[in-house]
Amino acid sequence: MPKFMPFAGTMLKNLFSKPVTTSYPEKPAVYPERSRGHVEIAVDQCIMCGLCSRNCPPRAITVDRAAGTWTINRFDCVQCGYCTEVCPKKCLTIIPGYQTPGTEKKEAVYHKPAPEKKEEA
Amino acid sequence: MASKKSVVPFGPQHPVLPEPIHLDLVLDDEKVVEAIPSIGFVHRGLESLVKKKDFKEMQYVVERTCGICSFMHGMTYCETIEHIMDVEVPVRGRYLRTIWCEMSRLHSHMLWLGLLADAFGFESLFYQCWRMREQILDMFEASTGGRVIFSVNAPGGVLKDMPSDMLHAFVEKLDGFETELHKIADIFLNDYTVLTRLKGVGILTPEEAHDLGAAGPMLRASGIARDTRKLGYAAYGDLDFDIITSDDCDSFARCDVRIREMYQSIQLIKQAVDKIPEGDIAVPVKGNPEGEYFMRVEQPRGEAIYYAKGNGTKFLERIRIRTPTFANIPALLKTLKGCQLSDVPLLILTIDPCISCTER
Ligand code: SF4
Ligand code: SF4
């Protein structure tokens, strides 16, 4: 038996209830702990093996062993997390917090505080 | 007297189409006598990337085939590779895959319900459906870290575990979801206006559905009980469920089948949470795939087929993806024949079209 206007109740309730959306950016967004926002490196533990850069599907990472730099183009990174899987030292992590928009594709460069460590090893 | 026919181009840009497909509708007055499709507007060439990305990286490519069933694409690809390489995924990994699969089905069908409501002009109902869908997306984000692309699959298993308190919190949320679903489903299944738009529209007889190779809810709404989940991939072999069908063969039947599948998905998740054993979630995969395999899975839109061929190097030789929308287009053309022009958007929606994954 067809009903007439079974939606009316939901509609009325909707009219008098708070919006389900939040007014971002006034109220900052809350991300769950596992949210894949951006890649973070503990660069002092990095051994510059370059595995992450060879395995990153969009090739967003460049590792320069001679200069001791680890560079990521955050605009190319798709937050897949594969680099964190392959890194032998587990010095890469993915943490919440998305890349903010920008006008140019800037790269983030991390320098390994190298010399002393290298002499030790 | 022979009447004069006119051709109305429909798409690739049309309010009801989130994605581009083009149909030339041959009209006799308001009645469609023929529909001629053309596709290829969003071809991305994902399959040919296999030459540049090795088989482990490829997982991250294939899961971008579709923004709705991305989990299932990733999973199917991984299972294909696992079969080629004879890798046995730990039971817990298989259960986790099943749970994520059913969550995908839930949010896909909820999205579809919203689009359907939008197609017949129920704007508010559309938003209510999408509001409910958001709960599932939040669950995805909490468990995998992504809302659309999950990246939790890898050949050999899954990358993230769900602790038992998370699983039980999900079950609790799904209880609330189910209560809300009852209310929303009532509108789709009983409202007078909705029924007049759906009942008896777009009949696809069981013979036609079979002959045209329809898939998924489209096929089951025509009374054919075929559900690839019964093949028992992931952990479906351990779970107890019936294939949902309807004998009405019309648009209403397709809506009804999808709604009942949502209840079933909730049941399946609960069963899986009850039965999930402790243990490993993945095994390491060594070596390169050599050989070929066909894999079939049941996506929300129907049966998807994956074919992969490896030649012993880290790059696969070929990968082929056939998505359910592609299989449903012939059936869509059949239902369009003889319908009214005003029903065309609705009928296109009833196959739950996903054009981007059709064209990959
Ligand atoms: S998260 Fe993925 S895309 Fe981003 S740097 Fe790591 S491997 Fe590359
Ligand atoms: S894989 Fe890890 S250790 Fe190797 S270069 Fe990348 S960040 Fe450094």
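These numbers were taken from a predicted model, which means no experiment stands behind them. Within every chain, residues take consecutive numbers counted from 1 along the sequence as written. Just so you know, chain letters begin at A and ligand numbers begin at 1, following the order they were written in. In keeping with the predicted nature of the model, local features appear solely for residues at pLDDT of at least 70, side-chain atom pairs appear and are counted solely at 80 or more, and the whole-chain, interface and lining totals rest on all residues. Excluded from the side-chain calculation are hydrogens and water; included are all heavy atoms of the structure.

Observations concerning the site of ligand 2
A cutoff of 4 Å decides nearness: a residue is near a molecule or strand if any of its heavy atoms lies inside that distance of it. Surveying the vicinity of ligand 2 reveals 13 residues, the closest of which are C46, C49, G50, C52 and C87 of chain A. A per-class count over the shell around ligand 2 returns 12 nonpolar, one polar and no charged. Residues were grouped as follows: Ala, Val, Leu, Ile, Met, Phe, Trp, Tyr, Cys and Pro as nonpolar; Asp, Glu, Lys and Arg as charged; and all remaining residues, including Gly, as polar.

Digging into the site of ligand 1
As a matter of local geometry, ligand 1 sits amid 13 residues, with C56, C77, C80, G81 and C83 of chain A nearest to it. Looking at side-chain class alone, the shell around ligand 1 contains 11 nonpolar, two polar and no charged residues.

Brief notes about the pattern of salt bridges
Salt bridge, as used here: a side-chain nitrogen of Lys or Arg that lies within 4 Å of a carboxyl oxygen of Asp or Glu. As enumerated under the stated definition, the model contains 24 salt bridges over all chains in all. A cluster of three or more residues bridged by salt bridges with shared partners is formed by E102, R105, R220, D227, R229, E261 and E298 of chain B.

Side note on the interface of chain A and chain B
Taken residue by residue, the interface counts 26 residues in chain A and 33 residues in chain B. A quick way to say it: buried area is the sum, across both parts, of accessible area lost when two parts are put together, with a 1.4 Å probe. Taken together, both faces of the contact between chain A and chain B bury some 2,300 Å²; the carbon and sulfur share is 53%. The three residues of chain A that bury the most area against chain B are F7, R34 and R36 of chain A, which together make up 30% of that side's buried surface. Remark: the boundary between chain A and chain B carries one salt bridge. A salt bridge links R59 of chain A to E57 of chain B; the nearest nitrogen and oxygen atoms lie 3.1 Å apart. Each polar contact in these results corresponds to two N or O atoms within 3.5 Å; when the atoms are within protein, one needs to be able to donate a hydrogen and the other to accept it, and residues that are neighboring in sequence are counted only if both atoms are side-chain atoms. Taken together, chain A and chain B are joined by eight residue pairs in polar contact (both at pLDDT 80 or more). Only DSSP runs of H or I covering at least 4 residues are called helices, and only runs of E covering at least 2 are called strands; the numbering of each starts at the N terminus. At the level of elements, α1 (8-16), α2 (51-55) and α3 (82-86) of chain A are the ones that each hand at least two residues to the side of chain A that touches chain B. For the side of chain A that touches chain B, the residue count by class is 15 nonpolar, four polar and seven charged. We call two residues contacting when some pair of their heavy atoms lies within 4.5 Å.

Notes on the side chain of R133 of chain B
When you line up the elements, R133 of chain B lands in helix α4 (residues 123-144). When sequence neighbours within four positions are dropped, the list of residues in contact with R133 of chain B reads I68, H107, M110 and L111 of chain B.

Describing α4 of chain B
Residue count minus one, scaled by 1.5 Å, sets the expected span of a helix. Between the first and last C-alpha of α4 of chain B there are 31 Å, a value that for 22 residues agrees with the 32 Å anticipated at 1.5 Å per step. Looking one or two residues past α4 of chain B, G145 of chain B carries a phi angle of roughly 95 degrees, positive in sign.

Comments concerning helix α9 (residues 251-275) of chain B
For α9 of chain B, spanning 25 residues, the distance from its first C-alpha to its last is 36 Å, which sits close to the expected 36 Å at 1.5 Å a residue. Within α9 of chain B, 21 of the 25 residues are buried, leaving the element largely enclosed by the surrounding structure. To sort residues, take the accessible area from a 1.4 Å probe on protein chains only and compare it with the maximum for the residue type: under 20% means buried, over 50% means exposed, and anything in between is partly exposed.

With respect to the nonpolar core
Definition used in this section: a nonpolar core is a set of buried Ala, Val, Leu, Ile, Met, Phe, Trp, Tyr and Cys residues joined via side-chain atoms within 4.5 Å. Counting residues in hydrophobic clusters, the biggest one holds 116 residues, and the most contacted among them are Y77 and F188 of chain B. Broken down by element, this core gets its largest block of residues, 14 residues, from helix α3 (residues 91-119) of chain B. In contact with F188 of chain B, other than residues within four places in its own chain, are L113, L116, A117, F120, L125, C129, V194, L195, F252, C255 and I259 of chain B. Counting residues in each nonpolar core, the second largest holds 17 residues, with I41, C87, C91 and L92 of chain A among its members.

That is the geometry; function is a separate question.
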